[in-house]
Amino acid sequence: MQHRLRDTQILGTDDASIGRAAGILRAGGLVSFPTETVYGLGADATNGEAVAGIYSAKQRPAFNPLISHLPSLEQALVQGNFDDRAKQLAAAFWPGPLTLVVPVSAECSVSDLARAGLDTVALRVPDHPVAQSLLSAAGRPVAAPSANLSGTVSPTCAAHVLEGLGGRIDAIVDAGPCSVGVESTIVACMGGRPRILRPGGVAREDIERVVGAIGESSHAAGSLLAPGMLASHYAPRAAMRLAASVVQSGEAVLDFSGQLSSGSAVAYLDLSPDGDLAHAAANLFAFMRKLDASGAAQIAVAPIPRNGLGEAINDRLSRAAADR
Ligand code: TXA
Ligand code: MG
């Protein structure tokens, strides 16, 4: 698909800039904005043509449905049919790094294209003051995947967005680095027991504390429930070698809690010398980019615990390591 090139404005977070960004969205343009998870690439979710611009800017396969962002729980409730457990999860974690997939409501204004023709809709109320002001000013659901070219590492600061999408989108609202650093946890609430479709910024343990035991994650490539969950995703150029216990020659090292030695490494970064999984999640994508930029052919990654945010971190790492 041919994509129209344009000047990409870098906007601040003052009222005038937010007003300008909202105006671009309402006019059908493409604006990257910060959330606490990653930077999103936003378009008016109710405008199919605007949403088509997201797919072409990202070079994303068009069968992949998008998350629609709302500034408040009340506004999200209008778009979908929430069962009791969906309501409990929304009350517990919104605003926050949680996306709920629910059946569309009769009033749902999200375009068919943003839902990829499904009769369900993915909704999220982000916990970021700048995202909330922008969404309020836009006055409609804003569809937004992560603001990167399809298949590359998600952006956690404005410079990452510019690197991948500069010249392809209308504006970037720069509010500094994202605090969570991995995408939202996606939970499907379709009447039965809720299911995690993608691990993310809310830990499974915290979700189970609210709604009890939940269904297994669906990691399978091509799964009908989460059509966007391609096995190879979040990929750096370098090969990734997971659960490394020693460093091989020529490798860059992505360590956790000082398990690997920096001695012979081409480049070395520790996601969290203190072993803090939240810090590790916040650093993950930026560190993958930095190690990739070292030019090393392979990145050795230390084992990372699987509890809490470790589930999302391990999920992203195994996608980055998958055959492409
Ligand atoms: O943190 C995040 O979730 C970021 C920020 C910008 O909100 N967004 C994000 O979006 O990661 P994206 O497009 O990269 O991932 C959305 C995922 C895809 O895997 C897609 O298949 C799934 O959500 N999804 C969207 N709508 C769905 C639906 N109706 N049913 C099942 N899966 C859906
Ligand atoms: Mg993405």
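Residues numbered from 1 in each chain as written. Chains lettered and ligands numbered in written order. Predicted model: local features only at pLDDT ≥ 70, side-chain atom pairs only at ≥ 80, totals over all residues. Heavy atoms only, no water.

A. Up close: empty space enclosed by the protein. A full pass over the atoms with the stated rule returns one cavity of 30 Å³ or more. Of the pockets and cavities examined, the largest cavity occupies roughly 30 Å³. If you go around the largest cavity, the residues you meet are T185, I196, P199, G200, V202, A203, R204, G308, E311 and A312. Residue classes in the lining of the largest cavity are distributed as five nonpolar, three polar and two charged. Here the lining of the largest cavity gathers at least three residues from each of two domains, domain 1 (9-221) and domain 2 (239-320). (1 Å grid on protein atoms, 1.4 Å probe; cavity = no way out; pocket = protein on both sides within 12 Å on 5 of 7 lines; lining within 4 Å. Points joined across faces, edges and corners; volume = space filled by probe spheres on them. Nonpolar A, V, L, I, M, F, W, Y, C, P; charged D, E, K, R; others polar. Domains from an automatic or database assignment.)

B. Focus on the pairing of strand β3 (residues 39-44). The element β3 is largely enclosed, with a buried count of six among its six residues. Taking the residues that link successive antiparallel strands as the turn, the strand β2 (residues 31-34)-β3 hairpin has four residues. Inspection of the sheet shows β3 paired to strand β7 (residues 142-143) by two bridges, in the antiparallel sense. Residue A43 lies in a different strand from β7, and its bridge partner there is A143. (Buried < 20%, exposed > 50% of the residue type's maximum accessible area, 1.4 Å probe, protein only. Helix = DSSP H or I, 4+ residues; strand = E, 2+ residues; numbered from the N terminus. Pairing = 2+ DSSP bridges.)

C. Local environment of the environment of R85. On the secondary structure map, R85 appears in helix α4 (residues 84-93). The class of R85 is partly exposed, set by a relative accessible area of 30%. Taking the C-alpha atoms as reference points, R85 and S179, 94 residues apart in sequence, are found 27 Å from one another. R85 has contacts with G191, G192, R193, P194 and V211, leaving out every residue within four places of it along the chain. (Contact = heavy atoms within 4.5 Å.)

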